[in-house]
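Residue-level structure breakdown
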There are 2 protein chains.
Amino acid sequence: MAVFPALVKAGHEQVCFFHDAATGLRAIVAVHSTALGPGVGGVRIRNYADDNEALTDVLRLSEAMSYKAACAGLACGGAKAVVMGPFPADRRAGMHALAGFVERVGGRYVATEDMGMNESDIALLNDKTRFAVGRALEDGGSGDPSPYTAQGVIVGMRSALKAAGMSGDFAGLKVAVQGCGNVGFGVVERLLARGAQVLVSDIAAQATARAEQLGATVVDNEVILAQPVDVIAPCGIGAILNETSIPKLQCRVVAGAANNQLATAADGQRLSERGIVYAPDFVINAGGLINVSDEIDPAGYDAERVARRVAAIETTLDEIFETAQQNSETTAETAMAMAKSRIAAGR
Amino acid sequence: MAVFPALVKAGHEQVCFFHDAATGLRAIVAVHSTALGPGVGGVRIRNYADDNEALTDVLRLSEAMSYKAACAGLACGGAKAVVMGPFPADRRAGMHALAGFVERVGGRYVATEDMGMNESDIALLNDKTRFAVGRALEDGGSGDPSPYTAQGVIVGMRSALKAAGMSGDFAGLKVAVQGCGNVGFGVVERLLARGAQVLVSDIAAQATARAEQLGATVVDNEVILAQPVDVIAPCGIGAILNETSIPKLQCRVVAGAANNQLATAADGQRLSERGIVYAPDFVINAGGLINVSDEIDPAGYDAERVARRVAAIETTLDEIFETAQQNSETTAETAMAMAKSRIAAGR
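Summarised in this report is the structure supplied together with it. Since this is a predicted model, take the numbers as computed values, not measurements.

1. Overview of helix 4 (residues 119–128) of chain B
Residue and element names in this part refer to chain B. Those residues of helix 4 that sit buried are Asp 121, Ile 122, Leu 124 and Leu 125. Seen from one end, helix 4 has its buried residues packed into an arc of 155°, which puts them on one side. Against the buried residues of helix 4 lie helix 3 (91–104) and strand 5 (109–113).

Structure below.
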């Protein structure tokens, strides 16, 4: 893969390949934009087949973080790190080496959790760098981001319901939640508490048990998207809105927490043509980022500010739905344009 | 080109690709080793065909800088930058963007001149970063490095003469100098001043005029390596010691300033088999680096220290020639082993 053409195309500022001889750790840190602030993004640890696969992933993910942060109104840019798995067996030494890499980016990148990382790993990073956030609550951190992401999905869903001509009231609403991990379950909980009827699925059978106990109805993960409901809330894997699934949808709204829900940009158009209101994923799922990035503030984490910003996902989406309609563009296009214009203004 | 396998193989710490949207500047900074200190290396501006060509160049060059600095006994590591030419037409804006890239490496890289750069460019870099050295003398810098490189070649040549069983006296010595740029001319001047007979050549006919005025004899650049002389001093392009040229050599010593004189490692063996004493290029040509890197010292540039270190090239080569003989290895192998052991000790 040619690096510069990719950087130029998506507007990345830099991408660094790091290697630590002592532990064998290899990682790539991509900084897409620091126009609005330091690039905040997770560290993803994966057994990438090769450099190219890792590079493609980190460039795409870091760019998405810029747009997510910009739409959430944060003073953060977009960045991401990928680690070539398997991670060194000596976790502590490996995390300390990784922290060294983060330090070398000099504050343009602030690391947080992604696949293969947890709060205790962030604590290990913090041994060697202050440019890592997402510590546990008991360590003075922002704690588990999942409830914030789930809360953002609820307020964002309300905006989408109104855009679809509904009341925005959850009582009696039928919602199908695909994926019942920490975020999906948080969405289910909140929906049930508000009187909605909830269908839920997961690729792992046992993952839905706690949702079922609360009153959700479990359906097969393969068929959940085709259920006749008011709302589909994708909270699992990405690319599930595609040319195969979209024609089968029987809903008025798609509003959920999964990343990269649209397989291609054309799928945003497909949803629009079917009259389905789609809440752009990177806008509605920003709650977790809003929470974790609040740790960066020099005055410290502020729970009230986080709550205010998560609540503002609703008004941001109100604006996006209205603008999309006015401009006859897809909601994903509107959200992207909003992000890009905020980033350009920050330069 | 796969990046990580290349980094792992040569032991590089990091390689960063930078892109500045405003000027279109694209550059790669490779840091091979900072075990002994910050990596000092030139910025090379070239119209590379693509990323791969630039990456191959910067990885190779940065590694070589580590070995050069280590053998010179400097508290410096090895690093290098390459800029994808053509350089932005607005030189000032381009250099300021480049300085921004250098800053982002956070002091692990200290930039200096290489192809396509000059002292005024270093001054432009210094507008935005202190991690650039090689300012003009009148700007409080270390000035033109060429005389120091030339002086190092002279003392290194004396070591090589002794290793070849000669007296080390230059009076009456026959030396052929290939390449008559600033360094080559400096070598010619010093040889003539010491009473040597000097043959000189250059690919550019006019380049030899000033050497001829001093008393050197100009010969064709194509045939200079085959002249019957005591010493061949390559001071032009690299890779001139190869399977074609080595059988034609009629000298006892090869000692010159050119980088990468050996086309392959096997050519070191070929010289050894012919009984020709070869002064490893990265040891004998370190004078310029010794001079420019002295600017890094917090207490400032010290001309006496520079002179002492340039003079020490002779004793370093004495040690290399002796060890190579004892270990029945080529002088290039001995020098590389010396560099690697110093770097390993610095970790």
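2. Some remarks on the sheet that holds strand 11 (residues 277–278) of chain A
Taken together, the six strands give an open sheet; going across it, the order is 8-7-6-9-10-11 (chain A), and neighbouring strands pair in parallel fashion. Each edge of the sheet is formed by a strand with only one pairing partner; in this case those strands are strand 8 (217–218) and strand 11 of chain A.

3. Overview of the relation of the copies chain A and chain B
For these two chains of identical sequence, chain A goes onto chain B by a turn of 180° and a shift of 0.0 Å along the axis, with RMSD 0.0 Å. Such a turn and shift between the copies fits a two-fold axis. Residue Cys16(A) of chain A places its C-alpha closer to the rotation axis than any other residue of that unit, at 2.0 Å. Taken as a fraction of all interface residues of chain A, those also at the interface in chain B reach 100%, which identifies the copy contact as same-surface.

4. Brief notes about the side chain of Ser66(B)
With respect to the helices, strands and loops of the structure, Ser66(B) is situated in helix 2 (residues 51–71). In terms of polar contacts, Ser66(B) uses its side chain to reach the backbone amide nitrogen of Gly78(B), at 3.2 Å.

5. Describing the nonpolar core
With 177 residues, the main nonpolar core has Tyr109(A), Val177(A), Leu191(A), Tyr109(B), Val177(B) and Leu191(B) as its most contacted residues. Other than its neighbours up to four places away in sequence, Val177(B) contacts Gly184(B), Val187(B), Val188(B), Leu191(B), Val198(B), Leu199(B), Val200(B), Ser201(B), Ile224(B), Ala233(B) and Cys235(B). Counting residues in hydrophobic clusters, the runner-up holds 30 residues, among them Val82(A), Val58(B), Leu59(B) and Met84(B).

6. Quick notes on the pattern of salt bridges
What the rule picks out here adds up to 34 salt bridges over all chains. Among the salt bridges present, the one from Arg91(A) reaches Asp121(A), with a minimum N-O distance of 2.7 Å. Here Asp121(A) lies in helix 4 (residues 119–128) and Arg91(A) lies in helix 3 (residues 91–104), a separation of 30 residues in the sequence. A salt bridge links Asp114(B) to Lys80(B); its shortest N-O distance comes to 2.6 Å.

Criteria and thresholds
Residues numbered from 1 in each chain as written. Chains lettered and ligands numbered in written order. Predicted model: local features only at pLDDT ≥ 70, side-chain atom pairs only at ≥ 80, totals over all residues. Heavy atoms only, no water. Buried < 20%, exposed > 50% of the residue type's maximum accessible area, 1.4 Å probe, protein only. Helix = DSSP H or I, 4+ residues; strand = E, 2+ residues; numbered from the N terminus. Arc of directions from axis to C-beta. Contact = heavy atoms within 4.5 Å. Pairing = 2+ DSSP bridges. Least-squares fit on C-alpha atoms with pLDDT ≥ 70 in both. Polar contact = N/O pair within 3.5 Å; in protein donor to acceptor, adjacent residues only side chain to side chain. Core = buried A, V, L, I, M, F, W, Y, C linked by side-chain atoms within 4.5 Å. Salt bridge = Lys/Arg side-chain N within 4 Å of Asp/Glu carboxyl O.

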